[in-house]
Amino acid sequence: MTMGKRTVYFMSAVLLAVVLLLCAVSTHWQKTDLMSFRIPSGDGVQTISLWEKEDGNFYVFLPSYAGPDGVKIHLHTGNPVQINGITVAEEMDCSPFSLGTPYAISWCAWGKSYQREVTFLQSANVPAMYIDTQSGNMDYIHREKGNKEEGRIALYRKDGMPEYSGTLKSIQGRGNYTWNYYDKKAYSLKLSEGADLLGLGEAQKWILLANAGDLTNMRNKIVYEFAEAVGLAYSPDCTWVDLYLNGEYTGLYLLSERNEVHQQRVDIPADGSILVSQEVADKLVEQSIPFVTTDAQQAFRIHYPLKADADEKNRIQAVLQSVENAILSEDGIDTVTGKHWTQLIDLESWVKKYLIEELFGNGDAGAISQFFYLDAGDRDGKLYAGPVWDYDRTMGNPVAWQLLSPRTFYANRTHANSGYPTPWLSSLYQKPLFYQSIRDLYQQEFRPRLEMLLHRGIYEYAGQITQAAEMNDVRWFTQDENFHTERNAILEYMNARLAVFDAVWMEERPYFRVRASHDPAANYVNYIVFQGESLENIHVFEGTETMRFVGWYYQDTGEPFDPQRPITEDIELYAKWQNKSVLSLQKEEKWIYLKTLALCMGLLFLKELRRWNWRRLRIK
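Residues numbered from 1 in each chain as written. Predicted model: local features only at pLDDT ≥ 70, side-chain atom pairs only at ≥ 80, totals over all residues. Heavy atoms only, no water.

Broken down by element type, the chain carries 12 helices and 28 strands. Put simply, the chain has 620 residues, and 50% of those count as buried. Long-range contacts, defined as pairs at least 24 residues apart, comprise 64% of the intrachain contacts of the chain with a sequence gap of at least 6. Only carbon and sulfur atoms are counted for the fraction: they give 51% of the accessible area of the chain, which is about 30400 Å². (Helix = DSSP H or I, 4+ residues; strand = E, 2+ residues; numbered from the N terminus. Buried < 20%, exposed > 50% of the residue type's maximum accessible area, 1.4 Å probe, protein only. Contact = heavy atoms within 4.5 Å. Areas by Shrake-Rupley, 256 points an atom, 1.4 Å probe, with all protein chains shown as cover.)

Turning to the packing of aromatic side chains, a few remarks are in order. Two aromatic rings are characterised by how far apart their centres lie and by the angle between their planes. Scanning the model with the defined rule gives 47 aromatic pairs in all. Note on Trp51 and Tyr59: the rings are 6.3 Å apart at their centroids and 45° apart in plane angle, and the pair reads as tilted. Accessibility classification places Trp51 together with Tyr59 in one group, the buried group. Taken together, a centroid distance of 6.5 Å and an interplanar angle of 85° make the contact between Tyr224 and Tyr391 edge-to-face. Residue Tyr224 is located in helix H4 (residues 219-229), and its partner Tyr391 is located in the loop between strand E21 (383-385) and strand E22 (408-409); the two are separated by 167 residues in the primary sequence. Tyr391 carries the same exposure label as Tyr224, and that label is buried. A connected cluster of aromatic rings, assembled from ring pairs, spans Trp341, Tyr354, Phe409, Tyr429, Phe434, Tyr435, Tyr442, Phe501, Trp505 and Tyr511. Here Arg475 stacks its cationic end above the ring of Trp476, 4.1 Å away from the centre of that ring. (Phe/Tyr/Trp six-rings, centres within 6.5 Å; stacked < 30°, edge-to-face > 60°. Lys NZ or Arg CZ within 6 Å of the ring centre and 35° of its normal.)

The next subject is the pairing of strand E15 (residues 238-245). Of all eight residues in E15, eight are buried; the element is thus mostly enclosed. Going residue by residue along E15, you find Cys238, Trp240, Asp242 and Tyr244 tucked away on one face and Thr239, Val241, Leu243 and Leu245 tucked away on the opposite face as well. As judged from the four bridges shared by strand E10 (residues 128-133) and E15, these two strands associate in the parallel manner. From the neighbouring strand, Tyr130 faces E15, where its bridge partner is Tyr244. (Pairing = 2+ DSSP bridges.)

A contiguous nonpolar patch, built from Leu599, Leu603 and Leu606 and spanning about 310 Å² of accessible area, is present on the exposed surface. One can find Leu599 in helix H12 (residues 587-619). By relative accessible area, which is 55% here, Leu599 ends up exposed. (Patch = residues over 30% accessible without salt bridge, like charges linked within 9 Å, V, L, I, M, F, W, Y side chains within 5 Å. Salt bridge = Lys/Arg side-chain N within 4 Å of Asp/Glu carboxyl O.)

One closed barrel holds the seven strands; their spatial order is E10-E11-E12-E13-E14-E16-E15, and the pairing between them is mixed. Direction aside, the axes of adjacent strands within the sheet are offset by 35° on average. Two strands pair when backbone bridges link them, and E10 and strand E11 (residues 148-156) are joined in this way by six bridges, in the antiparallel orientation. By the bridge assignment, Ile131 is partnered in E11 with Ile153. (Axes fitted to C-alpha atoms, helices over the stretch in contact; angles between N-to-C directions.)

Turning to the pairing of strand E13 (residues 186-196), a few remarks are in order. Relative to E13, strand E12 (residues 162-174) runs antiparallel, the two sharing six bridges. Bridged to Gln172 within E13 is Ser188. As paired elements, E13 and strand E14 (residues 202-209) share six bridges and run antiparallel to each other. Counted as the bridge partner of Tyr187 is Leu208 from E14. Counting the residues between successive antiparallel strands, the hairpin from E13 to E14 contains five residues, one of them, Leu198, with a positive phi of roughly 55°.

Time to look at the packing of H4 against helix H10 (residues 432-476). Between H4 and H10, the least distance of the axes is 12 Å, while the angle of their chain directions is 140°. Regarding the angle of H4 to H10, the classification is oblique. For the pair H4 and H10, the crossing hand works out as right-handed. For the pair H4 and H10, contact is made by Lys221, Ile222, Glu225, Phe226 and Ala229 and by Glu445, Phe446, Arg449, Leu450, Leu453, Ile458 and Tyr461, respectively. Tallied by class, residues from the contact of H4 with H10 come to eight nonpolar, no polar and four charged. (Parallel < 35°, antiparallel > 145°, perpendicular 65-115°, else oblique. Left-handed = near helix turned anticlockwise from the far one by under 90°. Nonpolar A, V, L, I, M, F, W, Y, C, P; charged D, E, K, R; others polar.)

All quantities given are derived from atomic positions and should not be read as evidence of function.
The structure is reproduced here in structure tokens:
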């Protein structure tokens, strides 16, 4: 009998759980799939979904070419839905609703009434790309970066005129840091055949850069176009698009060319040419990507030839090793080939690439996403630097403390961290010809162009995408994070950086380096401190729940660093941390801890005393 009751109770609980689950699913469906919106696009119609934010309120993200007028509502429920007191009818247009105004939206589901807000937002000046996967969702693609799916793609210019429509051979995830640490993902596209998208040149393979860690969505485009302006060959062309995946607005993206050997991209002869990029060896091993390593532990991913056999790998490694030998040797000569470093690398492209990495403050300089190519049609057989790639974590991007200070060397450093040597550019910097070329090119070309960029160019970029970026902010960021604040931060950072390198390369003021690391496995910061100045603005960490930041200490003596003392030599600092245990608490914190502990023990004692008295009374 008892067992029967238990079974009944168990089955009742299961039934109740199923009912509650069904109610929850039904309610969620009613909330998120109330309606969709049909947008006249060229000769057809594109359908976009209603998007629900974490707070339960809704947004309708309209492309540049379609305001509320003409956009029609398609209902997904038979229950009444009202917006701003207006009962929504099938095929009703959205003309009664203004952009940017939160309207009350109400509906019923399973005998319960709901009320939220819905806001219509519209992009401006940006083309719109619609991708529909074969499955109708992104679940499989997002499950693992290598997963691919076929689909269809439609691209419209900012005025709504059709640009391209066709089948996708594949869409798949791409990137490392963005893929692993951000919800907004980057994608690789492969069209069914080559096409010229938005004037970027005809090709079959394309990249959709998420710029997930860049609140401005401008950093990559700024650097790519600056590199092209200063004449760094094969800098990738790119343009912004609003991306809709299976009808859901996914944000502002950068449609970009790939760095690949192709007549519209890196246009070098197919036979005998080489295209490689410097990367982290461990990641290449994890992903089974072909690469070679030099004696100085510099790992280079092989992008071309596409299928490098053992002989090709040996040839590529020999080319890179000769360059490394010459760069790192005191006399600048590779003992194997007998060639001087100036005979092995193209000086102009390397100096331009160095300046781009340094001036824009690229934390990956000399370490990650650094491309090089050998043009088989070049009689001298020199290794060229470029094209540029991956600059969303530059210009003082606050995603990492190492990127915040404008008074740092990024390209001119011997190590990224204790386990990652980056000797090539720092060694070249010590060579008089390379250094003088840096100074000349900075003064004659780079600095005037950067002045134009800071006084006009960045404002023009920002003006082009303001509304699109504001939509992207709503989709991906919080109210504390916004496009306008970060745009101003770029201007402040770059102006300060120009002042630093004016002093270094134009005035040639004496300076010292202060190398600081909060952890041996993390990236170093190489502060530039001019003679007689102090480093008062060195970064201070907030600490964590378990660790307290004690301060910066001298590596050689273990003494605390004095940020007010003038710097008179190169120094190394390390960050000292303590566990937040009782023994490591400060005097005041210990007293608070002991008082709290005594209070808790007293309360426990009183509780036990009351329980003991209650038991005595019951016994009596």
